[in-house]
Amino acid sequence: MGEVNCDGRSTQEINAEIKQQIKQGATEILVRNPGARHNLGVAILEPVAIRLDGSVGYYCGGLIDGPNFEIAGSAGWGLAESMMNGQVVVRGNVGNGAAAAIRGGTVVVHQDAAARLGVSMKGGTVLVAGNCGYMAGFMGQKGTIIVCGDAGEAFADSMYETVCFVGGRITELGTDAVIEEPSTADAELLDSTLAKHLPPELRKSKPAGRNFKKVVSGRKLWNFDKREWKTWQEAL
Amino acid sequence: MCGIAGFLDKTKEHSGLGRVLLDMLTALACRGPDSAGVALFGPSTNGHFVVKVKLGNHGESALRAERLSGLLKSIGAGAREFSTVAAYARFVVDGGIDLTNLIASIERSDGEMEVVSVGRNLEIVKQVGSPANLEQTYAIAQFCGTHGLGHTRLSTESRVDLSHSQPFWSHGRPDLAIVHNGHITNYHKLRRVYQQRGIRFYTENDSEVVAIYLSDQLGKGRTLEDSLHAMLRDLDGSFSCLVATATQFGFVKDPFALKPLLWAETDGFVAVANEEIAIRSALPGAYQVREAEVKEVRVWER
């Protein structure tokens, strides 16, 4: 296993060394002492396993396509932003805008997510074992958001085709978000996703798939005719 | 952007306040290259007030310090422990003094002099430039105390000078200081309301109104926690804001979560900043850091 120690080094030096080790054939890299530095491990396009043994700052794992990140601490704003494929697992909490605009892959958060989780998603899956904050799922175009705990205000606001599941309480639905009965297939998907991505000690306290609320777009906003004032007003 | 930081020492030692705030600000220097400052809450002065006066923006500090010293004698302020460092004069007066008159006398005597802080525990030090420059000039790392705030400023609208730097004292209410990251969009409206009530604004920095607003709320008998909740109702825009009084320390985050704010609490400390790297670089160890929620208000007792 390759190793990169962040102590006393700039973000550019750390990222350059990660990429150098990948180039030399490393398939697993341990990044020690990340110290909540920003922009670690961005734009990695190879299927390499990268483990960070502490917290990371903003935009960790952004623009990646294929790697498997595991973050032992928490992550700041913009985790895995615009990820194409791969997996990012955070054992702590994540800041605003986690998994924003991802097109594929999986983001797993073992604790809570702050505001704007998965905004403008275009694919992929986001799984939060705890709660999520304000405006999660805003303008989501595709993909799945699963929140095992509670969801904050303006949840799933102005969505297109993203599908959300919430195991706890929804503080407030966003504009044009509606609750729909989950299907048997939904429940199976939830059970299998949680079983696959959450460790047993976390999984056992989470609701069964059939007990999640499903939230989808009411489709009154995303395909409305601007001359249909009544429809627009009702949606708002 | 702007960097904000706050630290509350829960131990009995109170020896690391200045060092911790300096380390946090150093990590936040990239968020605000224009100025840096701290509000430090030190040991009790047995009821006396510590007064910090800015001696002008354009040099002549020694001359102004001499004039200030003379003025304090002539008005019988009973000032003692008078000292000057760089742009500031510092002195101690009795707790029973008429602060309004004292401040007015000082500021009337010279348009460039400004009382930057008054408190039984509070001392504010701020200047244009980096946290490293602040340390070089004022040796803030040596300061001992219970809690404090720090700020690095990226100026977006108003002037870059000492007065427009943060933290802001509430100008009138001893031991109340704030730091703010964000933009108060109804600043001009609020400013007009307060000015009509005779309250003076010293700057054109929208963050100043936060200190004035909180002073006003506390003056109405509200608790700090209630005042911060009221802020969510009365102030528009984006704000991650830290506030400290002689006995309390807290934060408020705006209803849209537009600015970052992270906090950590252990048995030994509470630390708040708008980047985790600031907390981690100042306070090594294993603990959780989490992002504040929208509209979250928290207040700790010293």
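Computed from a predicted model, the values in this text were never measured in an experiment.

## What to know about the overall build of chain A
Helices and strands together make up the secondary structure of chain A, namely four helices and 11 strands. The C-alpha atoms of chain A give 18 Å as radius of gyration, which agrees with the globular expectation for 236 residues (18 Å, within 12%). Considered along the principal axes of its C-alpha atoms, chain A spans approximately 60 × 40 × 25 Å. By the burial criterion, 51% of the 236 residues in chain A qualify as buried. In chain A, the proportion of contacts linking residues at least 24 apart, taken out of those at least 6 apart, comes to 24%.

## As for the overall build of chain B
Looking only at helices and strands, one finds eight helices and 16 strands in chain B. Taking 302 residues into account, the globule formula puts the C-alpha radius of gyration at 19 Å, and chain B, at 18 Å, falls close to it. If one aligns the C-alpha atoms of chain B with their principal axes, the spans along those axes are about 55 × 40 × 35 Å. Classification of the 302 residues of chain B by burial places 49% in the buried group. Partitioning the contacts of chain B with sequence separation of at least 6, the portion at a separation of at least 24 is 73%.

## Comments concerning the interface of chain A and chain B
Taken together, the contacts link 19 residues of chain A with 13 residues of chain B. Classifying every residue of the side of chain A that touches chain B by side-chain character gives five nonpolar, 11 polar and three charged.

## Some remarks on the packing of helix H6 (residues 208-219) of chain B against helix H7 (residues 224-234) of chain B
Residue and element names in this part refer to chain B. One can describe the packing of H6 onto H7 by two numbers: an axis separation of 9 Å at closest approach and a directional angle of 125°. One finds that H6 runs oblique with respect to H7. Judged by the twist between their axes, the crossing of H6 over H7 is right-handed. Of the residues in H7, those in contact with Tyr-213, Leu-214, Gln-217 and Leu-218 of H6 are Leu-224, Ser-227, Ala-230, Met-231 and Asp-234. Taken together, the residues that form the contact of H6 with H7 break down as six nonpolar, two polar and one charged.

## A closer look at the sheet that holds strand S16 (residues 297-301) of chain B
All names here are of chain B. A sheet is described by the order of its strands in space; here five strands give the open sequence S9-S10-S11-S12-S16, paired in antiparallel fashion. Of all strands in the sheet, those with a lone pairing partner are strand S9 (168-169) and S16, marking the two edges. As paired elements, strand S10 (residues 177-184) and strand S11 (residues 237-244) share eight bridges and run antiparallel to each other. Bridge pairing in S11 places Ile-178 opposite Val-243. Relative to the sheet, H6 contacts S9, S10 and S11, its axis offset from that of S10 by approximately 125°.

## Quick notes on unusual backbone geometry
Looking along the chain, the bond that leaves Gln166(B) and enters Pro167(B) is cis, with omega of 10°. You can see Pro167(B) is positioned in the loop between strand S8 (147-153) and S9. The phi dihedral of Ala101(A) falls on the positive side, at around 60°, and the residue is not glycine. Here Ala101(A) lies in the loop between strand S5 (85-90) and strand S6 (106-109). For Ala101(A), a count of 22 C-beta atoms within 10 Å gives the class buried. Of note in the backbone geometry, Asp176(A) takes a positive phi value of approximately 65° without being a glycine.

## What to know about the confidence of the model for chain B
In this model, chain B carries an average pLDDT of 95, and 100% of its residues clear a pLDDT of 70 or more. This prediction of the complex comes with two scores: 0.92 for pTM and 0.87 for ipTM.

## Points about the environment of Val210(B)
All names here are of chain B. Structurally, the position occupied by Val-210 is in helix H6. Take Val-210: there are 26 C-beta atoms within 10 Å of it, and that puts it in the buried class. Each C-alpha atom of the pair Val-210 and Met-231 lies 8.4 Å from the other, and the pair is 21 residues apart in sequence. Ignoring sequence-local partners within four residues, the contact set of Val-210 consists of Ile-178, His-180, Ile-184 and Cys-241.

## So, the sheet that holds strand S3 (residues 49-55) of chain B
All names here are of chain B. On the basis of which strands lie adjacent, the open sheet formed by four strands has the order S4-S5-S3-S6 and antiparallel pairing. What marks the edges here is a single partner per strand, and that holds for strand S4 (80-85) and strand S6 (113-119). Neighbouring strand axes in the sheet, compared pairwise and without regard to direction, differ in orientation by 20° on average. Pairing of S3 with S6 involves six bridges; the strand directions are antiparallel. When the bridges of S6 are listed, Lys-54 appears paired with Glu-114.

## Quick look at helix H4 (residues 131-138) of chain B
All names here are of chain B. Those residues of H4 lying buried are Pro-131, Leu-134 and Tyr-138. Buried positions in H4, seen along its axis, are confined to an arc of 55° and lie on one side of it. Contact partners of the buried residues in H4: helix H1 (17-27), strand S2 (35-41), S4, strand S7 (122-128) and S8. Among the residues trailing H4, Ala-139 stands out with phi positive, at a value near 50°.

So, how was this worked out
- Numbering of residues starts from 1 in every chain and runs along the sequence as written.
- Following the order in which they are written, the chains are lettered starting with A and the ligands numbered starting with 1.
- In keeping with the predicted nature of the model, local features appear solely for residues at pLDDT of at least 70, side-chain atom pairs appear and are counted solely at 80 or more, and the whole-chain, interface and lining totals rest on all residues.
- By the criteria applied, helices consist of DSSP H or I runs no shorter than four residues and strands consist of E runs no shorter than two, each listed in order from the N terminus.
- Each radius of gyration reported is based on C-alpha atoms, and the globular scaling rule is 2.2 Å times the count of residues to the power 0.38.
- Each residue is classed by its C-beta neighbour count within 10 Å, where at least 20 other C-beta atoms makes it buried, 12 or fewer makes it exposed, and intermediate counts make it partly exposed; the C-beta atoms are placed from backbone geometry.
- Contacts are defined on C-beta atoms placed from the backbone: any two residues whose C-beta positions lie within 7 Å are in contact.
- Polarity classes work like this: nonpolar for Ala, Val, Leu, Ile, Met, Phe, Trp, Tyr, Cys and Pro, charged for Asp, Glu, Lys and Arg, and polar for all others, with Gly in that last group.
- Comment: axis = line fitted to C-alpha atoms, over the contacting stretch for helices; angle = value between 0 and 180 degrees taken between N-to-C directions.
- When describing relative orientation, an angle under 35 degrees is termed roughly parallel and one over 145 degrees roughly antiparallel, while 65 to 115 degrees is termed roughly perpendicular and anything else oblique.
- When the near helix sits turned anticlockwise from the far one by under a right angle, the crossing is termed left-handed; a clockwise turn instead gives a right-handed crossing.
- Here the rule is simple: two strands pair whenever DSSP picks up at least two bridges between them.
- How sure the predictor is of each residue is captured by pLDDT, a score from 0 to 100.
- Here the arc refers to the directions that run from the helix axis out to each C-beta atom.

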